[in-house]
Amino acid sequence: IFRINSCRAKTPPGPRPLPFVGTIPSFKKPFETIRSLSQYGDISAVYFGRKPMIVLNTIQITKEAFIQEAFSGRPFMPLIDWLSKGLGIIMAPFGHSWRQQRRFALHTLRNFGLGKKSVEDRVLEESRYLIAEMLKAEGKSVDPQHDIHNAVSNIICSIVFGERFDYDNKRFSYLLKILNNHFMLTGSLAGQILNLAPFIRHFPGPHQKIMQNFSELLSFIRGEIKEHKETLDPDSPRDFIDAYLLEIQKQKSNEGSTFNEENMVMSTLDLFLAGTDTTANTIRWGLIFMIQNPDVQERCHEEIVRVLGYDRLPSMDDRDKLPYTYATVHEIQRCGNIAPLGVTHETTQPTKLRGYDIPKGTMIMTNLAAIFSDKEHWKHPDAFNPENFLDENGNFCKPESFIAFSLGPRVCLGETLARTELFLFMTSLLQRIKFSLPPEPQSIDMNAILGVFHFPQSFNIVCHSRD
Ligand code: HEM
């Protein structure tokens, strides 16, 4: 207690921690508690066990910190280390390997169409499949989760593995379930307890399921890599895995190369993981907000049909002509807020922030829950209202506080892809389908599933064709 108290005197203000467990267990309603941390000012601290974590509560201080390399590390977490061993991109520590893997992934994704027409075409083709699948159950009450996850995942799969999977593919459906489960479990209490008391990994318990799921995901990736090796044509790489296999060959004699089989497995898995549940759950929030705000849904549909008619497919060039729809997609991201604390950073060297001395190895989080509801920056902070992203002339405008993809050296690598997917999927769906609540149940549980991410609970919808 003495140690905690003397440490607290030097760290930013925040809720009083409990001995051994810190502040986290008192987060009964995590989303609300996180948001309320802004009462302590721009910068606050919570405790993970005995370790202080700095929480950045405003856009100004997040910018000040996150543009610096000193704030661009990733923390050592026993669970993550157990799983990814510091390889790949997302949880890799700041340094040479992370830089090489990230640069290569960005470059290769661009070569395979990221930010270009070819990715738009893939999304449009997939949205045709998705619409057809949803309309198979026209008028019936259905849970759209699997179709949406399958559709979104097919985009990153076609870039990384060179193939898409049909919605009734049993093996892939099972994999998507595991993926979903992986996010739930790692963000759950069982995952956090494992981080606090890593020795429990040797004992039975729900945390064993995390490892089992992860092994199944790894064996899927390894299977894909094996098939790619057998059919690789060095003159025409088909996808990310082919490009990586060729890079390993190319860098063989380079001593500083971090291109090897294990990094390839983790980088590939990172793209698959990050490229599926994030965007898919945002679209699920989108359907929920459309059902709860039928006036917004109608206004988007009318705008889309006025500009595109019923048959012309949307393109990213249509954004300026569809300001209300584009604003609605952003408002879905603001209110859905799937990563309310972003992904945790860590200081890579001793540094200072607003007069506080921050030692090397301090965990840093950005409080998107507070930033996205800051009364000074949003016209309607507490309501779903696309006007938040429109100026007085009805043109789209993006407030600087909208940082759903973070910023600085660790900014989301898939931002361009995610923006393309969100706009094109949502626009195509709203063009062709009317979404409504089923007769039973007459409401949707708006409490997100408890965990690190803010993903919606299961819900049912009814689809009607607009044709
Ligand atoms: C990292 C958000 C979609 C790949 C991140 C981070 C956030 C984020 C907040 C952490 C940034 C930081 O550490 O400061 C989102 C959201 C998405 C989305 C809201 C969709 C709505 C995607 C997609 C991909 C992707 C489609 C696939 C290519 C990554 C990767 C990282 C990352 C690889 C790690 C970057 C690094 O550590 O250097 N994302 N993301 N994300 N995202 Fe996304």
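Just above sits the structure.
Just so it is clear, the model here is predicted, and its values are computed rather than measured.

**Structural notes on the coordination of the iron atom of the ligand**
Tetrahedral coordination by four donors sets the ideal angle at the metal to 109.5 degrees; octahedral coordination by six donors sets it to 90 or 180 degrees.
Thought 1: Of all protein atoms, Cys412 (SG) alone acts as a donor to the iron atom of the ligand, lying 2.3 Å away.
Thought 2: Relative to the helices and strands, Cys412 is located in the loop between helix 16 (368-371) and helix 17 (415-432).

**Concerning helix 14 (residues 294-308)**
Thought 1: Between its first and last C-alpha, helix 14 extends 21 Å over 15 residues, near the 21 Å set by a 1.5 Å rise per residue.
Thought 2: If you check which residues of helix 14 are buried, you get Val296, Gln297, Cys300, His301, Glu303, Ile304, Val305 and Leu308.
Thought 3: The secondary structure elements touched by the buried residues of helix 14 are helix 13 (277-292), helix 15 (323-336), helix 17 and strand 8 (433-436).

**Some details on the packing of helix 14 against helix 17**
The geometry of a pair of packed helices is captured by two quantities: the angle between their axes and the separation between those axes.
Thought 1: Here helix 14 crosses helix 17 at 90°, and the two axes come no closer than 9 Å. Taken together, the axes of helix 14 and helix 17 are roughly perpendicular relative to one another. Taking contact as the criterion, the partners of Gln297, Cys300, His301, Ile304 and Leu308 in helix 14 are, on helix 17, Thr427, Leu430 and Gln431.
Thought 2: Split into classes, the residues belonging to the contact of helix 14 with helix 17 amount to 4 nonpolar, 4 polar and no charged.

**Quick look at the site of the ligand**
Thought 1: Around the ligand there are 24 residues in total, and Arg74, Arg102, His345, Ser406 and Cys412 lie nearest to it.
Thought 2: Residue Arg102 places a side-chain N or O atom 2.8 Å away from an oxygen atom belonging to the ligand.
Thought 3: The separation between an oxygen atom of the ligand and a polar side-chain atom of His345 is 2.6 Å.
Thought 4: Contributing elements (two or more residues each) for the shell around the ligand: helix 5 (96-111), helix 12 (261-274) and helix 13.
Thought 5: If you tally residues by element for the shell around the ligand, the top one is helix 13, at 3 residues.
Thought 6: By residue class, the composition of the shell around the ligand is 13 nonpolar, 8 polar and 3 charged.

**Details of the packing of aromatic side chains**
Thought 1: Under the defined criterion, the tally for this structure stands at 22 aromatic pairs.
Thought 2: Plain terms: the ring middles of Phe94 and Trp98 are 5.1 Å apart, the flat faces sit at 35° to each other, and that makes the pair tilted.
Thought 3: Here Phe220 and Phe272 contribute two aromatic rings whose centre-to-centre distance is 5.8 Å and whose plane-to-plane angle is 40°, an arrangement assigned as tilted. Of the two residues, Phe220 is situated in helix 10 (residues 207-231) and Phe272 in helix 12; the sequence distance between them amounts to 52 residues. Phe272 carries the same exposure label as Phe220, and that label is buried.
Thought 4: Aromatic rings pair up to connect Tyr326, Phe372, Trp378, Phe389, Phe396, Phe402 and Phe423 into one cluster.
Thought 5: Sitting above the plane of the Tyr129 ring, Arg164 keeps its charged end 3.8 Å from the centroid.
Thought 6: Stacked on the ring of Tyr324, the Lys or Arg Arg299 has its end atom at 3.9 Å from the ring centre.

What counts and how
Residues numbered from 1 in each chain as written. Predicted model: local features only at pLDDT ≥ 70, side-chain atom pairs only at ≥ 80, totals over all residues. Heavy atoms only, no water. Donors = N, O, S within 2.8 Å, 3.2 Å for Na, K, Ca; no water. Helix = DSSP H or I, 4+ residues; strand = E, 2+ residues; numbered from the N terminus. Expected span 1.5 Å × (residues − 1). Buried < 20%, exposed > 50% of the residue type's maximum accessible area, 1.4 Å probe, protein only. Contact = heavy atoms within 4.5 Å. Axes fitted to C-alpha atoms, helices over the stretch in contact; angles between N-to-C directions. Parallel < 35°, antiparallel > 145°, perpendicular 65-115°, else oblique. Nonpolar A, V, L, I, M, F, W, Y, C, P; charged D, E, K, R; others polar. Near = heavy atom within 4 Å. Polar contact = N/O pair within 3.5 Å; in protein donor to acceptor, adjacent residues only side chain to side chain. Phe/Tyr/Trp six-rings, centres within 6.5 Å; stacked < 30°, edge-to-face > 60°. Lys NZ or Arg CZ within 6 Å of the ring centre and 35° of its normal.

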